[in-house]
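An overview of the molecular structure
Okay, here's what each chain looks like letter by letter:
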Amino acid sequence: MTASPTEEERTAVDRILGTPGSGWTGGERDLLDGHVARGGRQARERRHLLLPALHSLQASVGWISEGGLGYVCRRLTIPPAEAYGVATFYSMFSTTPRPKAVLHVCDDIACRTAGATDIGTEFERSLGPAGEEHGGRMWLRSPCLGLCERAPAALLQAAGAGARDAALAPLGQEHAAAFVAGGGWPAPGGGSTSAPQTLDPDSREGLRLLRRVGLVDPGSFDDYRAHGGYAALRRAVELGPEGVIRELKDAKLLGRGGAAFPTGVKWELVAKQPVRPHYFVCNADESEPGTFKDRVVMEHDPFAVIEALTIAGVSTGAEKGFIYLRGEYPQAHATLGNAVELARARGFLGEDMMGEGFRFDVEIRRGAGAYICGEETALFNSIEGYRGEPRNKPPFPVERGLFGKPTGIDNVETLVNVLEVLRLGGPAYAEVGTPDSTGTRLFCLSGEVERPGVYEVECGTALRDLLELAGGVRGGRALKAILLGGAAGGFVGPEHLDIALSFEGAREAGVTLGSGVVMVFGEDADLVDTVLRIAAFFRDESCGQCVPCRVGTVRQEEALHRLVSGRTIGSPKDELALLAEIAQVMRDASICGLGQTAASAVQSAISRLEVFS
Ligand SMILES: Cc1cc2nc3c(=O)[nH]c(=O)nc-3n(C[C@H](O)[C@H](O)[C@H](O)COP(=O)(O)O)c2cc1C
Ligand code: SF4
Ligand code: FES
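Residues numbered from 1 in each chain as written. Chains lettered and ligands numbered in written order. Predicted model: local features only at pLDDT ≥ 70, side-chain atom pairs only at ≥ 80, totals over all residues. Heavy atoms only, no water.

Two quantities define a packed helix pair, namely the angle between the axes and the distance from one axis to the other. It is the contact of helix α14 (residues 302-316) with helix α15 (residues 330-345), at a shortest axis distance of 9 Å, that shows an interaxial angle of 55°. Classified by the angle their axes make, α14 and α15 are oblique. The two elements α14 and α15 meet at a crossing, and its hand is right-handed. Here Pro302, Phe303, Val305 and Ile306 of α14 lie close against α15, whose contacting residues are Thr335, Leu336, Ala339, Val340, Leu342 and Ala343. Grouping the amino acids of the contact of α14 with α15 by side-chain chemistry returns 9 nonpolar, 1 polar and no charged. (Axes fitted to C-alpha atoms, helices over the stretch in contact; angles between N-to-C directions. Helix = DSSP H or I, 4+ residues; strand = E, 2+ residues; numbered from the N terminus. Parallel < 35°, antiparallel > 145°, perpendicular 65-115°, else oblique. Left-handed = near helix turned anticlockwise from the far one by under 90°. Contact = heavy atoms within 4.5 Å. Nonpolar A, V, L, I, M, F, W, Y, C, P; charged D, E, K, R; others polar.)

In structure tokens:
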């Protein structure tokens, strides 16, 4: 790598790494405690700064040039081939020239029910093909942007001094026209921080996790405290780590990130590890198509996430917490960043917290567009500055996680539940819901539903009741199908509306609730198109590390296309048998959950809805 960086690139990198010779920045030094990774000492100590440095380059110039990447490599002592491997892993980074304004237009499943395909065609007609520069602008097709309740959605990725990424949803003709013309932006139709439509003042009763959403000022520490904020941390300090863990166990809280692992057990396992330091991570990567609940919480109640993460740290012996935030969430990044600063300034983060002698601080790390980085070990690799490829388990994160140290990791919604557990007490918390699925859950209603948004209901609520709460199928049409759990979940038909939305209810019905996706398809929906989009999603998002998933996701998509076009190899029945075989191999032999679930929705569409018969 011989090209030199420009002055702009040098400045962008130095902003993150400090000017050469100035030593490490304060934040860096903290992170280095006990940092065990690969490579030489200097390389491994600073490697975790690779992603922030690449973000800085991308945000200042609009792409990562050979000169810019080379400069980062020299500063961090990283072999250029490895840094290139990282930079090309993420969709928000480009290693080929890109203009400073790039519009990521969602063409994923919920947005397709709101006209995303036509929008893409219109962009192609008026601006030109996706992925090419057109007069200083470029548009790209994107997987779900986590804005499904305001579909169709787009994200403007903007580079240059003072530029900020912005969510545009619902994407209207006026946005498209403004982008094509290269002019300014009209205000997004839905307002990028609007509270979920479901939270009108008359329907707030029973809200626990969303209790403050729409009421509290997300930018005000004092308002958070006036709404009961930081009472849970005080309680946690009173109870001590063992007391907190006992409450979590009494509450029977299960993780909301998909795997339903008992939270109290996880915290206890981390707390007990003799190796130091410990870390705690908030998984805010939220990239499952159809999921947007964590974003709503982070945009509207950011201090709750930080308070809960602080409790997690104090209870598991971690002094450093990370929020790994989806790269496509600019508003959540701003609200959380502001909240971290305010909490620190008010003595609720940092040294000697609340004058109680505790030490805990939080750093926000942004992803850069890779679904797989939500998988916990891929997420650790991403923070550490490696490609976001999952690790083999065991060892499990509680034993060897981030930087090789004992690490707790929880989903945003799980963490916010902890505040409720401490507010009510574990046994009282467990009175709501079912015996095996306690508490409430957030569900993301999208697609052809009358009032899309985030809904909080008791675990065990019937799917029918949730659908009714959201006003039923849009326009009073008949229901064709519901996708539960997102692309990694499965379809159910109208005959399944009695399913109880609890872990055990879902298990009995042979479905998964995953991250709470409830995507509705009306009688006219094109489910073949939806299934093809899901297959394309997994083909794109497979990290490629293991053969069953890398090859299986491609073969699955090919077989589906052959079925749709009628150009089958053998009979359609043979293709369906091949699909079933691919599904089984991916399920049984993939390293991680992505490959293990990449055929679930496809298979459910075939078996439950007879989509290809
Ligand atoms: C492909 C894949 C993507 C995932 N994405 C997320 C995610 O975006 N957010 C999340 O909290 N968990 C995600 N998970 C689950 C995490 O690996 C992990 O189980 C979770 O963060 C644990 O938190 P919990 O115990 O609070 O559920 C994903 C798992 C897989 C296999
Ligand atoms: S299953 Fe897929 S995403 Fe997971 S490690 Fe293997 S190739 Fe990567
Ligand atoms: S934002 Fe388009 S499908 Fe989620």
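Let's shift gears to a nonpolar patch on the surface. A contiguous nonpolar surface patch, about 210 Å² in accessible area, is contributed by Phe261, Val265 and Leu269. Following the sequence through the fold, Phe261 ends up in the loop between α11 (231-251) and α12 (263-272). (Patch = residues over 30% accessible without salt bridge, like charges linked within 9 Å, V, L, I, M, F, W, Y side chains within 5 Å. Areas by Shrake-Rupley, 256 points an atom, 1.4 Å probe, with all protein chains shown as cover. Salt bridge = Lys/Arg side-chain N within 4 Å of Asp/Glu carboxyl O.)

Pairing within the open sheet is mixed, and its 5 strands lie in the order β11-β10-β14-β12-β13. Edge positions in the sheet fall to β11 (453-458) and β13 (490-492), since each has one partner strand and no second. Shown here is a sheet whose adjacent strand axes are inclined to one another by a mean of 30°, direction ignored. The sheet contact formed by strand β12 (residues 479-484) and strand β14 (residues 517-522) spans 5 bridges and is antiparallel. From the neighbouring strand, Leu479 faces β14, where its bridge partner is Gly522. Contacts from helix α25 (residues 600-609) reach β12 and β13 within the one sheet, and its direction differs from that of β13 by about 25°. (Pairing = 2+ DSSP bridges.)

Looking now at unusual backbone geometry. Cis geometry is found at the peptide bond from Ala151 to Pro152, where omega equals 0°. As for its placement among the helices and strands, Pro152 is situated in the loop between β2 (137-142) and β3 (154-158). The amide bond that connects Ala169 to the next residue, Pro170, takes the cis arrangement and shows omega of -5°. By the element assignment, Pro170 lies in the loop between β4 (166-168) and α9 (173-181). A positive phi angle, close to 55°, is found at Lys252, a residue other than glycine. Tracing the backbone through its elements, the reader meets Lys252 in the loop between α11 and α12. Although it is not a glycine, Ala260 sits at a positive phi angle of roughly 55°.

Let us look at the site of ligand 1. As a structural note, the neighbourhood of ligand 1 is formed by 19 residues, with Gly257, Lys266, Asn283, Asn411 and Thr414 the closest of them. Take Gly257: an N or O atom from its main chain is 2.7 Å from an oxygen atom of ligand 1. Taking 610 Å² as the accessible area of ligand 1 by itself, protein coverage stands at 87%. Residue assignment for the shell around ligand 1 shows that the elements contributing at least two residues are β9 (407-411) and α24 (593-597). If you tally residues by element for the shell around ligand 1, the top one is β9, at 3 residues. Residue classes in the shell around ligand 1 are distributed as 4 nonpolar, 8 polar and 7 charged. (Near = heavy atom within 4 Å. Polar contact = N/O pair within 3.5 Å; in protein donor to acceptor, adjacent residues only side chain to side chain.)

Within the protein, residue pLDDT values average 92, and 93% of them lie at 70 or more. Scored below 50 in pLDDT, residues 23-40 makes 43 contacts in the model with residues more than four places away or belonging to other chains. When the criterion is pLDDT under 50, residues 189-193 qualifies, and its contacts beyond four places in sequence or with other chains add up to 15 contacts. (pLDDT = per-residue confidence, 0-100.)

Let us now look at the sheet that holds β4. Reading across the sheet, the 4 strands line up as β2-β1-β3-β4 and stay open at both edges, with mixed pairing between neighbours. Among the strands making up the open sheet, the edge pair consists of β2 and β4. Between one strand and the next, the sheet's axes are offset by a mean angle of 25°, whatever the strand orientation. The pairing of strand β1 (residues 101-106) with β3 spans 5 bridges and is classified as antiparallel. Along β3, the bridge assignment pairs Val102 with Gln157. Sheet strands in contact with α9 are β1, β2, β3 and β4, and its direction is about 140° off that of β2.

With that out of the way, let us pick up the pattern of salt bridges. Counting across every chain of the model gives 40 salt bridges. Lys100 is the partner of Glu8 in a salt bridge, and the nearest nitrogen-oxygen pair spans 3.4 Å. You can see Glu8 sitting in helix α1 (residues 7-17) and its partner Lys100 sitting in the loop between α6 (80-87) and β1, a full 92 residues away along the chain. Taking the relative accessible area as the measure of exposure, Glu8 reaches 39% and is therefore partly exposed. Given the relative accessible area of 38%, Lys100 is considered partly exposed. One connected set of salt bridges, linked through shared partners, spans Asp107, Arg112, Glu124, Arg141, Asp529 and Arg533. (Buried < 20%, exposed > 50% of the residue type's maximum accessible area, 1.4 Å probe, protein only.)

Time to look at the packing of α11 against α14. With their axes 9 Å apart at the nearest point, α11 and α14 run at an angle of 30° to one another. Relative to α14, the element α11 is oriented roughly parallel. In terms of crossing hand, the pair formed by α11 and α14 is right-handed. Contacts between α11 and α14 involve Ala231, Ala232, Leu233, Ala236, Pro241, Val244 and Ile245 from the first element and Glu307, Thr310, Ile311, Val314 and Ser315 from the second.

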